[in-house]
Amino acid sequence: QVQLVQSGGGPVQAGGSLRLSCAASGDPASSYCMGWFRQPPGKEREGVARIIGVGMPLYADSVKGRFTISRAKAGNTLYLQMNSLKHEDRGMYYCAAYRRRTSYCSGGLLSPTVYSYWGQGTQVDVSS
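Residues numbered from 1 in each chain as written. Predicted model: local features only at pLDDT ≥ 70, side-chain atom pairs only at ≥ 80, totals over all residues. Heavy atoms only, no water.

(A) Highlighting the sheet that holds strand S1 (residues 2-7). The strand order across the open sheet formed by 4 strands is S1-S3-S8-S7, and the pairing between neighbours is antiparallel. Pairing within the sheet leaves two strands with one partner each, and these edge strands are S1 and strand S7 (67-71). In this sheet, adjacent strand axes meet at a mean angle of 15 degrees when their direction is disregarded. Two elements, strand S3 (residues 18-26) and strand S8 (residues 77-82), share 6 bridges in a ladder whose sense is antiparallel. From the neighbouring strand, Cys-22 faces S8, where its bridge partner is Leu-78. (Pairing = 2+ DSSP bridges. Helix = DSSP H or I, 4+ residues; strand = E, 2+ residues; numbered from the N terminus. Axes fitted to C-alpha atoms, helices over the stretch in contact; angles between N-to-C directions.)

What follows is the structure in structure tokens.
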């Protein structure tokens, strides 16, 4: 079992920046694959970014070049740096995790259904 507690988020103007954090506790966080999702108003939850392999970041096309995912060396904290925010970036952001079954996390962004553990979510409101 792993617990995910998020922090950060809030209101920001278009073009601004926010940094989200996700602290993991419980089972060793290094044994979990972790990523970020978001759910815009009235839309389905979608993958934003994740880390695979040996620290290789993957991003949704919509955020590529603007967002940066990173993970503390110990693996207990996941970050999402969001720059040049757009109105369409608004929504509820979640960090999520699933237990790694292979040597390295792999695949694409993957469906939310793959993830077993979720943070409580944090609202990101980008004014236009």
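From this point, the discussion proceeds with the structure in view.
(B) How the structure looks around the pattern of salt bridges. Under the defined criterion, the tally for this structure stands at 4 salt bridges. Between Asp-89 and Arg-38 there is a salt bridge, with its nearest N and O atoms 2.8 Å apart. Here the residue Asp-89 occupies a position in the loop between S8 and strand S9 (91-99), and Arg-38 occupies one in strand S4 (residues 32-39), the gap between them amounting to 51 residues. Note that Lys-64 is salt-bridged to Asp-61, the shortest N-O span being 3.1 Å. (Salt bridge = Lys/Arg side-chain N within 4 Å of Asp/Glu carboxyl O.)

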